[in-house]
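Listed below, chain by chain, are the residues.
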Amino acid sequence: MNDATPEPTPQVGANDVLRFLLEIFAIVSLGIFGFAAFPLPWPGVLLGIGLPLLAILLWGLFRSPKAVFHVDPFVKALVEIAVFSTAAIAWWIMGQPVVAVVFAVVAAVSGVINGRRELRD
């Protein structure tokens, strides 16, 4: 018999779902950028696969809820800004400024809301 109290499960809010969708969109955007903006097969294939993998690696090491390295919220914010701004710049370079601006604004607002929650906790 185990007398330990179970850990409470974290609540998933609307902003958490939005942040997950933003992360997926950023990763897919970097893949599209690598394949579309550079000549195929090289360097387009390398960047089309490498840029999303780099973003996933950075996110998994520093930003995810189960990150490998536990860093303060400011480093987490820098990693998030790097990944999301790179995706927005990629859309701008591909000639889609509306997508770039909308993505950047939504990501920034979501990041501010999440950052305020992280600093409060």
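What counts and how
Residues numbered from 1 in each chain as written. Predicted model: local features only at pLDDT ≥ 70, side-chain atom pairs only at ≥ 80, totals over all residues. Heavy atoms only, no water. Helix = DSSP H or I, 4+ residues; strand = E, 2+ residues; numbered from the N terminus. Buried < 20%, exposed > 50% of the residue type's maximum accessible area, 1.4 Å probe, protein only. Contact = heavy atoms within 4.5 Å. Areas by Shrake-Rupley, 256 points an atom, 1.4 Å probe, with all protein chains shown as cover. Lys, Arg positive; Asp, Glu negative; His and termini not counted. Charge placed at Lys NZ, Arg CZ, Asp CG, Glu CD. Core = buried A, V, L, I, M, F, W, Y, C linked by side-chain atoms within 4.5 Å. Salt bridge = Lys/Arg side-chain N within 4 Å of Asp/Glu carboxyl O.

Brief notes about the overall build of the chain
Then, in step 1: A tally of helices and strands in the chain yields four helices and zero strands.
Then, in step 2: Beginning at the N terminus, the succession of helices and strands in the chain can be written as α-α-α-α.
Then, in step 3: Taken along the three principal axes of its C-alpha coordinates, the chain extends 60 × 30 × 20 Å.
Then, in step 4: Counting across all 121 residues of the chain, residues that qualify as buried make up 26%.
Then, in step 5: Long-range contacts, defined here as pairs at least 24 residues apart, represent 57% of the contacts in the chain between residues at least 6 apart.
Then, in step 6: Here the chain has roughly 8200 Å² of accessible surface; of this, 74% comes from carbon and sulfur atoms.
Then, in step 7: Positive and negative side-chain charges in the chain, numbering 7 and 8 respectively, have mean positions lying 6 Å apart.

Concerning the nonpolar core
Then, in step 1: Core analysis: the largest hydrophobic core is formed by 14 residues, its most contacted members being L22, A26, A55, V83, F84 and F103.
Then, in step 2: At the level of secondary structure, the elements contributing two or more residues to this core comprise α1 (14-37), α2 (44-63), α3 (73-93) and α4 (97-120).
Then, in step 3: With sequence-adjacent residues up to four places away left out, A55 is seen in contact with I27, L30 and V83.

Here's the deal with the environment of W92
Then, in step 1: Position of W92 relative to the elements: it lies in helix α3.
Then, in step 2: Taking relative accessible area as the criterion, W92 reaches 53% and is therefore assigned exposed.
Then, in step 3: Residues W92 and P10, 82 residues apart in the sequence, show an inter-C-alpha distance of 36 Å.
Then, in step 4: For W92, the contacting residues outside a window of four places in its chain are P97, A100 and V101.

Remarks on the pattern of salt bridges
Then, in step 1: What the rule picks out here adds up to four salt bridges.
Then, in step 2: Close ionic contact of D16 with R117 constitutes a salt bridge, the shortest N to O distance being 3.1 Å. Residue D16 is found in helix α1, and its partner R117 is found in helix α4; the two are separated by 101 residues along the sequence.

Remember that the coordinates give geometry; whether it matters functionally is a separate question.
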